[in-house]
Amino acid sequence: MPGEGGVLAEEAAVAGMASGYSSEITFTVVMSCLMAASGGLIFGYDISITGGLTQMQSFLEAFFPEILEKMNNAQQDAYCIFDSQVLTTFVSSLYLAGVFACLVAGHVTRRVGRRNSMLIGASFFLVGAVLNCAAVNIYMLVIGRILLGFAVGFTNQSAPVYLAEIAPARWRGAFTSIFHFFLNVGMLVADLVNYRANTIAHWGWRLSLGVGIIPATVILVGAVFIPDSPNSLVLRGKVDEARRSLRRIRGRSADVDAELKDIMHAAEEDGRHKTGAFRRILQREYRPHLVMAVAIPLFFELTGMIVVTLFAPLLFYTIGFTSQKAILGSIITDVVSLAAIMVAALSVDRCGRRYLFVIGGGILLVCLVGMTWIFGAELGTDGGKAMPRHYAVAVVALVCLFVAGFGVSWGPLKWIIPSEIFPLEVRSAGQSMSESISLTLTFAQTQSFLAMLCSFKFGSFAYNAAWVVVMTAFIIFFLPETKGVPIEAMGAVWARHWYWKRFVKPVPASGPDKQAHGPLGT
């Protein structure tokens, strides 16, 4: 099968490609990774807080009384209770703002460094959270969400790249997956806060929005104390600082010369280019990187997970749970997701990226087909039927299994793959493009899902199931295995792939990639 031929050879050459690199896990690299990944904590909190908030009585009383009236109408179509463009604008404005911020952040991150870009994002998080908590009208809510979107644009662009650059090559998948783990911790915290806030009359919604101030403050302060990545420092001409940063990250006794030499070689390659990174990535030699920058976030969104994550409480409310039990159901899925991500972190650097993609795709397909059948058979096409209790429980079980399948595959790998596949000269641009596409699609889905659910009914799940088939086939044929490959030696992976080798430049027979080229170039 295409895509399979070089897998064994790739694995055999990993040790040679990482020759001279330190694999030691130091205190500095652990703390730096934890602090960088904490940006995912706030992102996850802001994603999930809206799911419970948008069916919370105190919030609806203050801003959307017409939806509260529909919730109390026994004749209302269950699919269409929450179909409000103003409500979805409140939710989706974060993602639209994040799109524009991502495009700016790519240039800013390259100029000021990964760490400083994360500091900018943390500042936006803090201001946006304060404004949302103090909101007295829908305009303040939307402006606060827009500021949070700017924060997401900066942190989502810089944090995964930072993690990939400072993590030891042998454990890069595990360290980069921490971002997604923290994202899901943020989602769990949001649902726990919503569960308590839902019992507080009149002002419970302020508690939900205000808690985000605490982690935003911690991240803003903590990010000051972590080192910038050596790759970013070399790119900005600060070689001595890069050497000190690398020694701090890898350990005082580690020999960092081989890794620093590869980073400097990548920076020199960047210096040879006259065009900007965004125009450069459109050139033929970067065709595989460009395709992955588009395909990975596109398929990530089309799994259906974003809408399940954002609207899980609304989904559970639709099938007959009370508001409080709907939030409890979302908490259960959060716990399942965290467990699945831990499994992924432990296996991604052993089993490989492709294996987890395929396993996860199979699980997602089974769950989406199951939900299509249950919603179609038991809730009906007009949403007027009440779903029997045992079928409602089956939906919760399928959602949990779906979340587990996503958590071991597309969830963490969406952050891992784009952060590690791009050459240094287009890395910021590639990550910016990937994340802006992701946020654009998230905006489109959050703005349209409730209307889509109202119009297409159970067909919404069948739509996502068809895409899961397409994306799994794409991974099998076109994504090479990248586990254990040093980030600045990734060019050899594309040069060996059955299809992409026709686009990329041949790996040189000497220099930093010599060992990578030897065993695999045959």
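Residues numbered from 1 in each chain as written. Predicted model: local features only at pLDDT ≥ 70, side-chain atom pairs only at ≥ 80, totals over all residues. Heavy atoms only, no water.

## Notes on the side chain of arginine 172
Point 1. Tracing the chain through its elements places arginine 172 in helix H8 (residues 172-197).
Point 2. Owing to a relative accessible area of 1%, arginine 172 belongs among the buried residues under this scheme.
Point 3. Reaching out from arginine 172, the side chain makes a polar contact with the side chain of glutamate 420 at a distance of 2.8 Å.
Point 4. When near neighbours in sequence (up to four residues on either side) are disregarded, arginine 172 contacts Ala164, Ala167, Asp349, Arg353, Glu420, Thr482, Val485, Pro486, Ile487 and Met490. (Helix = DSSP H or I, 4+ residues; strand = E, 2+ residues; numbered from the N terminus. Buried < 20%, exposed > 50% of the residue type's maximum accessible area, 1.4 Å probe, protein only. Polar contact = N/O pair within 3.5 Å; in protein donor to acceptor, adjacent residues only side chain to side chain. Contact = heavy atoms within 4.5 Å.)

## Quick notes on the packing of aromatic side chains
Point 1. One pass over the full model with this rule turns up 23 aromatic pairs.
Point 2. Arranged with centres 5.0 Å apart and planes meeting at 85°, the rings of phenylalanine 63 and tryptophan 205 form a pair that is edge-to-face. Taken together, the positions of phenylalanine 63 in helix H3 (residues 57-63) and tryptophan 205 in helix H9 (residues 204-210) put the pair 142 residues apart, joining distant regions of the chain. Tryptophan 205 matches phenylalanine 63 in its accessibility class, with the two residues each being buried.
Point 3. Ring plane angle 65° and centroid distance 6.3 Å describe the contact between phenylalanine 181 and phenylalanine 182, whose orientation is recorded as edge-to-face.
Point 4. According to the relative accessible area criterion, phenylalanine 182 is buried, its value standing at 17%.
Point 5. Among the aromatic residues, those joined into a ring-pair cluster are Phe299, Phe357, Trp410, Trp467, Phe474, Phe478, Trp498, Tyr499, Trp500 and Phe503.
Point 6. In this structure, arginine 145 is placed above the aromatic ring of phenylalanine 90, and the distance from its NZ or CZ to the ring centre is 5.4 Å.
Point 7. The positively charged end of lysine 414 is found above the aromatic ring belonging to tryptophan 415, 3.7 Å away from the centroid. (Phe/Tyr/Trp six-rings, centres within 6.5 Å; stacked < 30°, edge-to-face > 60°. Lys NZ or Arg CZ within 6 Å of the ring centre and 35° of its normal.)

## Remarks on the pattern of salt bridges
Note that side chains of opposite charge can pair when their charged atoms are close.
Point 1. For the coordinates displayed, the defined rule picks out 10 salt bridges.
Point 2. Of the charged contacts, one joins arginine 172 and glutamate 420 as a salt bridge, the two residues approaching to 2.8 Å between their closest N and O atoms. With arginine 172 in helix H8 and glutamate 420 in helix H20 (residues 410-421), this pair connects stretches of sequence that are 248 residues apart. Both residues of the pair, arginine 172 and glutamate 420, count as buried.
Point 3. Across the pair aspartate 228 and arginine 236 runs a salt bridge, and its minimum N-O distance is 2.5 Å. (Salt bridge = Lys/Arg side-chain N within 4 Å of Asp/Glu carboxyl O.)

## Quick look at the nonpolar core
Point 1. If you look at the biggest cluster of nonpolar residues, it comprises 56 residues, and the most contacted ones within it are Phe43, Phe59, Leu141 and Trp205.
Point 2. Counting residues per element, this core draws most heavily on helix H2 (residues 27-53), at 12 residues.
Point 3. In this structure phenylalanine 59 touches Leu53, Thr54, Phe64, Leu87, Phe90, Leu141 and Trp205, once residues within four positions along its chain are discounted.
Point 4. Ranked by size, the runner-up nonpolar core spans 52 residues in total, among them Ala326, Phe357, Ile374 and Val493. (Core = buried A, V, L, I, M, F, W, Y, C linked by side-chain atoms within 4.5 Å.)

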